[in-house]
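Here is how the chains run, residue by residue.
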Amino acid sequence: MNVDLMGALPGAFRKLDPRELLATPVMLVVEIGAAATTVMAVLDPSTMAVGVAIWLWLTVLFGNLAESVAEGRGKAQAASLRALQQETTARRLPRGGAESDGGYDVVSSTSLRVGDVVLVEAGERIPGDGDVIEGVASVDESAVTGESAPVIRESGGDRSAVTGGTVVLSDRIVVRITSDPGQSFVDRMIALVEGSERQRTPNEIALNVLLGSLTAIFVVVVVSLYFVADYSDAHQPVVVLTALLVCLIPTTIGALLSAIGIAGMDRLVRRNVLAMSGRAVEAAGDVDVLLLDKTGTITYGNRQASALLPLDGVTDAELAEAALLSSLADETPEGRSIVTLVGGFETGAERLPQPPEAVLVQFSATTRMSGIDLPGREIRKGAASAVTAWVGGSNAQLDALVEQVSSTGGTPLVVAEKQRLLGVIHLKDVVKEGMRERFDEMRAMGIRTVMITGDNAVTARAIAEEAGVDDFLAEATPEDKLALIRKEQEGGRMVAMCGDGTNDAPALAQADVGVAMNTGTTAAKEAGNMVDLDSDPTKLIEVVEIGKQLLITRGALTTFSVANDVAKYFAILPAMFVVAFPQLDVLNVMRLSSPESAILSAVVFNALVIVALIPLSLRGVRYTPSSAADLLRRNLLIYGVGGLIAPFVGIKLLDLVISLIPGV
Amino acid sequence: MSSVVPALGQIAVLVAALVLAVPFLGRYLAHVYTSPRHLAVERASYRALRLDPNADQHWKAYALSVLGFSLVGILGLYAFGRLQDLLPLSLGFAGLPADGAWNTAVSFVTNTNWQWYSGEAATGHLFQMSGLTVQNFVSAGVGMAVAAALARGLARNLRDGRVGNFWADLVRTVVRVLLPIALVAAVVLVLLGVVQNLLEPQTVHTLTGGTQDITGGPVASQEAIKELGTNGGGFYNANSAHPFENPTPFTNIFEIFLLLLLPFAMAWAFGLIVGDRRQGGAVLAVMALLLGVSIALLTWAEMAGPGTAPGLAGGAMEGKEVRFGTAGSALFGAATTGTSTGAVNAMHDSFTAPGGGVAMFNMMLGEVAPGGVGSGLYGMLMLAVVTVFLAGLMVGRTPEYLGKKIGQREIVLVALYVLTTPLLVLAGIAVAITASQGLVGLQESGPHGLSEALYAVTSASNNNGSAFGGLTSGTPFWNTLLGLCMLLGRFVPIVLVLALAGRFSAQRRLPPGAGTLPTHRPLFVALLSGVALVVVGLTYVPVLVLGPIVESLS
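The rules we used
Residues numbered from 1 in each chain as written. Chains lettered and ligands numbered in written order. Predicted model: local features only at pLDDT ≥ 70, side-chain atom pairs only at ≥ 80, totals over all residues. Heavy atoms only, no water. Helix = DSSP H or I, 4+ residues; strand = E, 2+ residues; numbered from the N terminus. Rg over C-alpha atoms; globule rule 2.2 N^0.38 Å. Buried < 20%, exposed > 50% of the residue type's maximum accessible area, 1.4 Å probe, protein only. Areas by Shrake-Rupley, 256 points an atom, 1.4 Å probe, with all protein chains shown as cover. Lys, Arg positive; Asp, Glu negative; His and termini not counted. Charge placed at Lys NZ, Arg CZ, Asp CG, Glu CD. Phe/Tyr/Trp six-rings, centres within 6.5 Å; stacked < 30°, edge-to-face > 60°. Lys NZ or Arg CZ within 6 Å of the ring centre and 35° of its normal. Core = buried A, V, L, I, M, F, W, Y, C linked by side-chain atoms within 4.5 Å. Contact = heavy atoms within 4.5 Å. Buried area = accessible area lost by both parts, 1.4 Å probe. Salt bridge = Lys/Arg side-chain N within 4 Å of Asp/Glu carboxyl O. Polar contact = N/O pair within 3.5 Å; in protein donor to acceptor, adjacent residues only side chain to side chain. Nonpolar A, V, L, I, M, F, W, Y, C, P; charged D, E, K, R; others polar. Pairing = 2+ DSSP bridges. Axes fitted to C-alpha atoms, helices over the stretch in contact; angles between N-to-C directions. Expected span 1.5 Å × (residues − 1). Bend = angle between axes of the 7 residues up to and from the residue. Parallel < 35°, antiparallel > 145°, perpendicular 65-115°, else oblique. Left-handed = near helix turned anticlockwise from the far one by under 90°. Patch = residues over 30% accessible without salt bridge, like charges linked within 9 Å, V, L, I, M, F, W, Y side chains within 5 Å. Right-handed = clockwise from strand over helix to strand, strands pointing away.

A. A look at the overall build of chain B. What chain B contains, in helices and strands, is 20 helices and six strands. The C-alpha radius of gyration computed for chain B amounts to 22 Å, which stays within 12% of the reference 24 Å derived for 554 residues, consistent with globular compactness. Once the C-alpha set of chain B is aligned to its principal axes, its extents read approximately 75 × 55 × 45 Å. Across the 554 residues of chain B, 64% fall into the buried class. Split by element, the accessible area of chain B, about 18400 Å² in all, is 68% carbon and sulfur. Measuring between centres, the 27 positive side-chain charges of chain B sit 21 Å from its 25 negative side-chain charges.

In structure tokens, the structure reads:
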């Protein structure tokens, strides 16, 4: 734990201001109690009164400390982000004017407004968030993402968004600014990691209401006890009643509640995910359906050649040679994987032919083939329909092979030479390792996974089965995606998805949790409620887990806090009334040494347990994906039963120490 | 111990009868609250009262109907009590004093049936039959209607806060459920020896040469609904300890059966209304578990009563009827405090200290195990929502119960509900033992005196109505204080329950999944019982320590 306790101390003291505590009624009551006991301790000093007063102040302080520590963890990150915000100059192009006009004025980056167009060259800092509208450049975004490798940003397409403060390493780009000063992406990041913009989330508010009402009940209990004790000729001093009150109200969770929330956001930030609101993090825990893009999330994204399937009368070597030659012009990962695969065959090609004797035929969207023309030879490979059309007809065996490859989730590439069909290359979508286990975990958690792909239904089904997802949406258009999300939501389910393209924006906005890739377009980033700086679609799964962990931590500490009360009754009630009613000594099951020591031990335990649980509240309760029933059983055992037992042990141990103090 | 066998035997008979009757009656109740059809007699009453029984009321309209109906009930009963000397069959009794009439009116309209007066010495037959007994029916009906509205709210999907029709719920409860069962029960009671007449008191000569007035009356008819509707207001001051109300061990067990029947059946009906029988089963299991434990504890406390005299008598016999014995009295005591009935067949003041503590703790749990008719179910469901909130967080989701999310607004309503009764009890006891007018009512001083006062405010605030005895409560101070406890303890929770029903009804009902917390498994049953004991029960521990616990330990 790199918890900076000392650094957080000043903040903890600042938060003693009662106005800071208005939002947490539990701690406000403790502070009022601390003030009251201090007055009593001054008016009528005794070891116990002074002790109780000191430890009540410490209780408040420990709660503040937890919050300060949680906030402190974001501060360092915010400082490095602030460095990005230093004012730079920008070359602003006239509105509507093209770069070629040559004219620009040099202005401060802080004077840029939405819609301004600026020119940025190699070595310069990009003055604000925007979209590249002209040119392509490599950009160093390490200050934002922590990733040292430069990334390519280019106009058009899905990689056009740039972040203010990042540095252009090569080339020049023209950027249209999309945010006003103070509202940039980095500004929002700083606010988020510092917690300054933290708004309490719906669930946190609801829990606070419950804690407030428990506190109110115990205030009534203690006030009424004052009168009942008087009736019973067992008058209780204010110090003792206050000690009882503070021990009974749920101080543990009350003190740690906001730290848990801040730490939850921080855990996301550490995984390079920025949530635009805490609400989104909580929603992540509630997700029922996860929409995952096949490419890059479930599969490695690049299809790879896995087998050569020659037709009758064609040797393996013949097909391999043709496949190799036809792939020379193919710089795509698929093309390279064919070269790699064929490397294992004896192709007979002594020397790879090079231009000018060879004419490379590039793949185009219209021909849907690539290949090579050698003197006297024409070799093509491509989609079955395109190649058979080029050849002028198919045959039954080829159709069967094509069907066979498709039905297993592969992509068939047909190879032909000069009107003669040779065979089929089996391109396979490789499912990432460990995905099936991941999806099994998701299922155990009650989350349904749906794979989204542009593939046809046959291919999609095969990959879905291999990866172990629950469902798939084949030949998906952005509209299909949106419709699917709406349908799930109408059934009352919460949907999470990730996306990067502008055409993903409506679906990202519609989803309950929309994670936009940082490499994506500004539109996508605006539409989602989280941004993944690593642009890793698999991260969605971690986001869900963090959301759940946040809620579990709150629930576990609340249960612990409430369960603690049983032991505290056994410590304090006999201590309060044993003088008036000696028979109550049998309730002193912990055999605490004296009434004063018992009360003080309970108060000290109550305060120390907050400190002891700060690391847990920051780290979050351990979470392993499993069904709700299993999670409940496990957490109930640890935090419910543990919460019943722990204070018996803790208070007894403290009593052994405290009873050594003279006058107690 | 020879007395153990009959003790266990009567419990076995009771359990068997309930196991047979509850699912059957539960199914019938579910039908009553969901059927679109009206009976001819019901249609006639709607026409007479110019009501539209098909209007699907928003929760606010429903709540206003409940409050309006009850207000009219209180005013009517108040006037009736004040003016009873001007009406027939008054047996010559004077009108009730103002504070007494207020207390009695509130008491019977709130289904509490706290009685500051002695029935045979203050109220005439007409007031008992047409005033009190009528309220015995309709106040039970109100409780069941509110519970039905909450169940309906949970069962509905996006219905804009509409929870059903109060008038239809009330009329159906009375016409289809309470009247037929009470009629059969009254006949059975008459057959078993309970009196039923409209005679003037008969004067008889006693063996010692004195004279005694023996008051008969329409006892069996009132007795049946008194138990069935968990009302508890006895015809006689001695309540079910009186031989005319509860003459034999057989009537005793039959009356216990009657008072447990509807609270358990409502839990079963709840499962059917929300479309998942297991949910009703889980709620019923929690009720049965808590009641079972309190029966066991109370029976043990009374049968193993400390001291020489109880040792010779085979149990703590002080304040108990010989014909019921310790076991029959303890069983009745646990059942009448576990339900919000408040009828007694023994003097709870004379229970052993731990036994009296158990009776008090039963009420303090908020009358949920199994509680009053309707009120027991909605009280338990409120606790279920608290439980789901705590436990739901521990499984990593926004908590939901039966597919309804427990968000900020829902938890505000539940938190206020949980706060209301402890506030009334604890504020009430603080006032009662501080004010001199409160203290004069106590028969004993010290811990037992505290128990007497605590029992009274607990009984009133939780709408139980049983009395510890020992407390002289018929004074303006106690009548006013307990009247306020009863009134607020009944209607503040009802409004909160209906508001929650409205919130639930407006929500979408989410389908359950593997990630949702199952609320029908044994683990949840244990957890809900634990929450009832820790969240509600712990509130009262300090004051219990100074009352029954100190006493038990001396």
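B. Layout of unusual backbone geometry. In this structure, Pro370 of chain B follows Ala369 of chain B across a cis peptide bond, with omega equal to -5°. One can find Pro370 of chain B in the loop between helix H13 (353-364) and helix H14 (375-394). Its identity as a non-glycine residue notwithstanding, Glu475 of chain A has a phi of 45°, on the positive side.

C. Focus on the packing of aromatic side chains. By the definition in use, this model includes 13 aromatic pairs over all chains. Ring centres of Phe235 of chain B and Tyr236 of chain B lie 5.1 Å apart, and the angle between their planes is 65°; this geometry places the pair in the edge-to-face category. Judged by relative accessible area, Phe235 of chain B falls into the buried class, the value being 2%. The class for Tyr236 of chain B is buried, based on a relative accessible area of 2%. Centre to centre, the rings of Phe254 of chain B and Phe257 of chain B are 6.4 Å apart; their planes meet at 25°, and the pair counts as stacked. Here the residue Phe254 of chain B and the residue Phe257 of chain B both occupy positions in helix H9 (residues 249-273), the gap between them amounting to three residues, near one helical turn. One aromatic cluster is present, built from ring pairs that chain together Tyr62, Phe69, Phe166 and Trp167 of chain B. Over the aromatic face of Tyr104 of chain A sits the side chain of Arg91 of chain A, whose NZ or CZ is 5.4 Å from the ring centroid.

D. Spotlight on the nonpolar core. One finds Leu290, Met530 and Phe577 of chain A together with Leu29, Phe270, Tyr401 and Trp478 of chain B to be the most contacted residues of the largest nonpolar core, which totals 318 residues. At 20 residues, helix H20 (residues 539-577) of chain A tops the list of elements feeding residues into this core. Contact partners of Tyr401 of chain B, with chain neighbours within four places excluded, come to Leu154, Phe270, Val283, Leu381, Ala384, Val385, Val388, Ile406 and Thr519 of chain B.

E. Just the side chain of Arg267 of chain A, in detail. Structurally, Arg267 of chain A can be placed in helix H9 (residues 251-270). Ignoring sequence-local partners within four residues, the contact set of Arg267 of chain A consists of Ile546, Gln549, Leu550, Leu618, Arg619 and Gly620 of chain A.

F. Seen up close, the interface of chain A and chain B. Contact residues are listed per partner, giving 59 residues for chain A and 57 residues for chain B. Taking both partners together, chain A and chain B bury about 4800 Å²; carbon and sulfur atoms supply 77% of that area. On the chain A side of the contact with chain B, Ile217, Tyr231 and Leu632 of chain A bury the most area, a combined 14% of that side's loss. At the boundary of chain A and chain B, one finds two salt bridges. Note that Asp286 of chain A is salt-bridged to Lys405 of chain B, the shortest N-O span being 3.7 Å. For the pair chain A and chain B, the number of links is ten residue pairs in polar contact (both at pLDDT 80 or more). Counting only elements with at least two residues in the side of chain A that touches chain B, the list comes to helix H7 (202-231), helix H15 (435-444), helix H17 (478-490), H20 and helix H22 (628-658) of chain A. Considering each element in turn, the side of chain A that touches chain B owes the most residues, 18 residues, to H7 of chain A. For the side of chain A that touches chain B, a count of residues per class yields 35 nonpolar, 15 polar and nine charged.

G. Structural view of the sheet that holds strand S10 (residues 273-275) of chain A. Residues and elements named next belong to chain A. If you trace the seven strands from one edge of the open sheet to the other, you get S10-S22-S21-S20-S11-S18-S19, paired in mixed fashion. Unpaired on one side and paired on the other, S10 and strand S19 (471-473) mark the two borders of the sheet. Ignoring which end each strand starts from, the neighbouring axes of this sheet average 20° apart. Together, strand S18 (448-452) and S19 form the strand contacts of helix H16 (residues 457-467), whose direction differs from that of S19 by roughly 150°.

H. Just H9 of chain A, in detail. When the terminal C-alpha atoms of H9 of chain A are compared, their 29 Å separation across 20 residues agrees well with the 28 Å that a helix rising 1.5 Å per residue should span. Maximum bend of H9 of chain A: about 40°, positioned at Leu257 of chain A.

I. How the structure looks around the sheet that holds strand S9 (residues 172-177) of chain A. Residue and element names in this part refer to chain A. A sheet is described by the order of its strands in space; here six strands give the open sequence S2-S1-S3-S9-S4-S7, paired in antiparallel fashion. Only two strands of the sheet have a single neighbouring strand rather than two, namely strand S2 (105-108) and strand S7 (161-162). Where strand S3 (residues 117-121) lies against S9, five bridges are found, and the strand directions are antiparallel. Counterpart to Leu119 in the pairing with S9 is Val174.

J. Representation of the packing of H7 of chain A against helix H20 (residues 541-553) of chain B within the structure. Close contact between H7 of chain A and H20 of chain B brings their axes to 9 Å; oriented N to C, the two are set at 20°. In terms of orientation, H7 of chain A and H20 of chain B fall into the roughly parallel class. In this structure, the crossing between H7 of chain A and H20 of chain B has a hand that is left-handed. Facing Val221, Leu225, Val228 and Ala229 of chain A of H7 of chain A, the residues of H20 of chain B in contact are Pro542, Val543 and Leu546 of chain B. Split into classes, the residues belonging to the contact of H7 of chain A with H20 of chain B amount to seven nonpolar, no polar and no charged.

K. Structural context of the pattern of salt bridges. Counted by the stated rule, this structure contains 44 salt bridges over all chains. Where Asp504 of chain A meets Lys481 of chain A, a salt bridge forms, and the shortest distance between an N and an O atom there is 3.0 Å. On the criterion of sequence distance, the pair formed by Asp504 of chain A in the loop between strand S20 (495-499) and helix H18 (505-510) and Lys481 of chain A in helix H17 is long-range, its members being 23 residues apart. Side by side, Asp504 of chain A and Lys481 of chain A carry an identical accessibility label, which is buried. Among the ionic pairs, Arg156 of chain B bridges to Asp56 of chain B, the shortest N-O distance being 3.0 Å. Pair noted here: Arg156 of chain B is in the loop between helix H6 (125-155) and strand S2 (162-164) and Asp56 of chain B is in the loop between helix H2 (40-49) and strand S1 (57-58), with a separation of 100 residues, a long-range link. One salt-bridge network, in which partners are shared between bridges, spans Asp286 and Asp288 of chain A together with Arg397, Glu400 and Lys405 of chain B.

L. Molecular detail of the side chain of Glu410 of chain B. Residues and elements named next belong to chain B. By secondary structure assignment, the location of Glu410 is in helix H15 (residues 408-434). For Glu410, a relative accessible area of 2% gives the class buried. Sequence-distant contacts of Glu410, that is, excluding residues within four places in its chain, are made with Lys405, Leu500, Arg503, Phe504 and Gln507.

M. Examining the environment of His38 of chain B more closely. All names here are of chain B. The topology assignment puts His38 in the loop between helix H1 (4-34) and H2. Residues His38 and Phe351, 313 residues apart in the sequence, show an inter-C-alpha distance of 48 Å. In contact with His38, not counting residues within four places along its chain, are Arg43, Tyr46, Pro53, Asn54, Arg172 and Arg176. At a separation of 3.4 Å, a polar atom in the side chain of His38 contacts the side chain of Arg172.

N. Highlighting a nonpolar patch on the surface. A cluster of nonpolar side chains, contributed by Leu637, Ile638, Val641, Leu644, Ile645, Val649, Leu653, Leu656 and Val657 of chain A, occupies part of the molecular surface with about 800 Å² of accessible area. Along the chain, the position of Leu656 of chain A falls in helix H22.

O. Local environment of the environment of Asn252 of chain B. Residue and element names in this part refer to chain B. Mapping Asn252 onto the fold places it in helix H9. For the pair formed by Asn252 and Phe361, sequence separation is 109 residues and the distance between their alpha carbons is 23 Å. Sequence-distant contacts of Asn252, that is, excluding residues within four places in its chain, are made with Asn246, Phe324, Gly328, Phe332 and Asn345. Within the local environment of Asn252, its side chain forms a polar contact with the backbone oxygen of Gly328, the two atoms lying 3.4 Å apart.

P. Representation of the pairing of strand S4 (residues 130-134) of chain A. All names here are of chain A. With two bridges connecting them, S4 and S7 associate as antiparallel partners. The residue bridging Asp131 from the neighbouring strand is Ala161, located in S7. Inspection of the sheet shows S4 paired to S9 by four bridges, in the antiparallel sense. If you follow Gly130 over to S9, its bridge partner there is Ile177.

Q. Region of the structure containing the pairing of strand S21 (residues 513-517) of chain A. All names here are of chain A. Summarising burial for S21: five of the five residues are buried, a large majority. Side chains Val513, Val515 and Met517 project from S21 onto one buried face, and the interleaved Gly514 and Ala516 project onto a second face that is buried too. In this fold, S20 hands off to H18, which returns the chain to S21; that crossover is right-handed. Pairing of S21 with strand S22 (residues 530-532) involves three bridges; the strand directions are parallel. Of the residues in S22, the one forming a bridge with Val515 is Met530. In the classification by handedness, the crossover that spans S21, the intervening helix H19 (residues 522-527) and the parallel S22 is right-handed.

Such coordinate-based values are descriptive only and should not be taken to indicate function.
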